[in-house]
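Observations on chain architecture
These are the residues of each chain, in order.
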Amino acid sequence: MKKIIIAIDGYSSSGKSTMARAIAARLGYRYIDSGAMYRAVTLFALRHGMIGADGSVDEAALTAALPEIAIDFRPMADGSQHTLLNGEDVEAQIRTMEVSSHVSAVAAIVPVRHKLVQLQQEFGREKGIVMDGRDIGTTVFPDAELKIYVNASAETRARRRYDELRAKGQDVSYDEVLANVRERDHIDSTRAESPLRRADDAIDLDNSAMTLDEQNAWLCERVRRITGEA
Ligand code: DC
């Protein structure tokens, strides 16, 4: 069977991770959530006092500490993957609003991006991988066989993230989540180093009005056109 690289990019909470996970499980591919890697570095920076009360990141200290940061994923029995920071399972800690509100600033730091992009490329060396993020089709795997660019309105995405956080028992308001989604959209698409950008050869998907099953069927069809299966 021909193994390919599937790159799925898009704004936060666009539903890209759910789609990416489902297609990876179906194809027996490895799924990598590149956003989780930026979140893990953000958690490290928070724990080490490298993020000030005003939200500013001590870039020099974080850059100097990068060699001490190891990030990996652990496959779980239910098919999901948990993020490991220096061997510790930090899956729950990286999904909090605190990490969400600082991650875009950390992800804009050039040495952080260089380290994580290199790691992401290593994960993809054997192909048979689905990776989601912001710059996967443009920077990490510019030669990926299949690139998808997912979009949905900020309100739709905020509603999804809000429902997710509430389901996990986090006490947040919809307005707070919408403000965070808008702020991250702005930072992620205007930063100097690999901003969120649609690759020229990506296929667009606006899933605002699609169910999960419809999205998955849509993606399977795209994979089938390339590999002849799925
Ligand atoms: O997908 P997410 O919301 O978990 O991503 C968290 C943050 O990481 C997001 O604000 C942008 C950043 N990110 C990035 O800059 N590049 C990636 N490939 C993935 C995520």
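None of these values were measured; they are calculated from a predicted model. (Residues numbered from 1 in each chain as written. Predicted model: local features only at pLDDT ≥ 70, side-chain atom pairs only at ≥ 80, totals over all residues. Heavy atoms only, no water.)

**Some thoughts on the overall build of the protein**
This is how it is decided: To qualify as a helix, a DSSP run of H or I must reach at least 4 residues; to qualify as a strand, a run of E must reach at least 2; elements of each kind are numbered from the N terminus. For the radius of gyration, the atoms used are the C-alpha atoms, and the globule rule reads 2.2 Å times the number of residues raised to 0.38. Buried, partly exposed and exposed residues are distinguished by accessible area as a fraction of the type maximum, computed with a 1.4 Å probe on protein chains only: under 20%, between the cut-offs, and over 50%, respectively.
Each helix and strand counted, the protein has nine helices and eight strands in total. Taken over the C-alpha trace, the protein has a radius of gyration of 17 Å; the compact-globule value for 230 residues is 17 Å, and the two agree within 12%. By principal-axis analysis of the C-alpha atoms, the protein measures approximately 50 × 35 × 35 Å. Within the protein, the proportion of its 230 residues that are buried is 50%.

**Quick word on the sheet that holds strand β4 (residues 81-85)**
In plain terms, the rule: A pair of strands is labelled paired if DSSP reports no fewer than 2 bridges between them.
The strand order across the open sheet built from three strands is β3-β4-β5, with neighbouring strands paired in antiparallel fashion. The sheet is open, and its two borders are formed by β3 (71-75) and β5 (88-89), each paired with just one other strand. Strand direction decides the pairing type here: β4 and β5, joined by two bridges, are antiparallel. In the sheet register, L84 faces β5, and the bridge partner there is D89.

**Some words on the environment of M97**
As a reminder of what qualifies: Contacts: residue pairs with any heavy atoms within 4.5 Å of one another.
Tracing the backbone shows M97 in helix α4 (residues 97-107). Residue classification places M97 among the buried positions, given a relative accessible area of 16%. It is 9.6 Å that separates the C-alpha atoms of M97 and E176, two residues lying 79 residues apart in sequence. The contacts of M97, once residues within four sequence positions are left out, are L165, Q170, V172, E176 and N180.

**Some remarks on the site of the ligand**
Note the threshold: Neighbouring residues are identified by heavy atoms, a residue being near a molecule or strand if any of them is within 4 Å of it. Two N or O atoms count as a polar contact when they lie within 3.5 Å, although within protein this holds only if one can serve as hydrogen donor and the other as acceptor, and sequence-adjacent residues are included solely when both atoms are side-chain atoms. Residue exposure ignores everything except the shown protein chains as possible cover, and the areas themselves are Shrake-Rupley values with a 1.4 Å probe.
Around the ligand, a shell composed of 18 residues is seen, among which R39, R113, D135, R184 and R191 lie nearest. Residue R134 places a side-chain N or O atom 3.0 Å away from an oxygen atom belonging to the ligand. Measuring from an oxygen atom of the ligand, one finds a side-chain N or O atom of R184 at 2.9 Å. The protein chains hide 97% of the 450 Å² of surface that the ligand would expose on its own.

**Some words on the side chain of S13**
Mapping S13 onto the fold places it in the loop between β1 (5-10) and α1 (16-27). Polar contacts involving the side chain of S13 include one to the side chain of R161, which spans 3.0 Å. Setting aside anything within four residues of it in sequence, one finds S13 in contact with R157, R160 and R161.

**What to know about unusual backbone geometry**
Of note in this structure, N86 is not a glycine but carries a positive phi near 45°. Located in the positive-phi region is S194, a residue other than glycine, with phi close to 30°. With relative accessibility at 13%, the residue S194 sits in the buried group.

**Topic: the packing of α4 against helix α8 (residues 174-190)**
To keep it simple, the criterion reads: Every axis in this analysis is a line fitted to C-alpha atoms, fitted for helices over the stretch in contact. Angles between the N-to-C directions lie between 0 and 180 degrees. Here roughly perpendicular refers to angles of 65 to 115 degrees, roughly parallel to angles under 35, roughly antiparallel to angles over 145, and oblique to all remaining angles. The hand of a helix crossing depends on one turn: near helix anticlockwise from the far one by less than a right angle means left-handed, and clockwise means right-handed. Under the scheme applied here, ten amino acids are nonpolar (Ala, Val, Leu, Ile, Met, Phe, Trp, Tyr, Cys and Pro), four are charged (Asp, Glu, Lys and Arg), and all others, including Gly, are polar.
In the contact formed by α4 and α8, the axes pass within 8 Å of each other and the chain directions differ by 25°. Judged by the angle between their axes, α4 and α8 are roughly parallel. Where α4 crosses over α8, the handedness of that crossing is left-handed. Residues M97, S100, S101, V103 and S104 of α4 lie in contact with α8, whose contacting residues are E176, N180, R184, I187 and D188. Classifying every residue of the contact of α4 with α8 gives three nonpolar, four polar and three charged.

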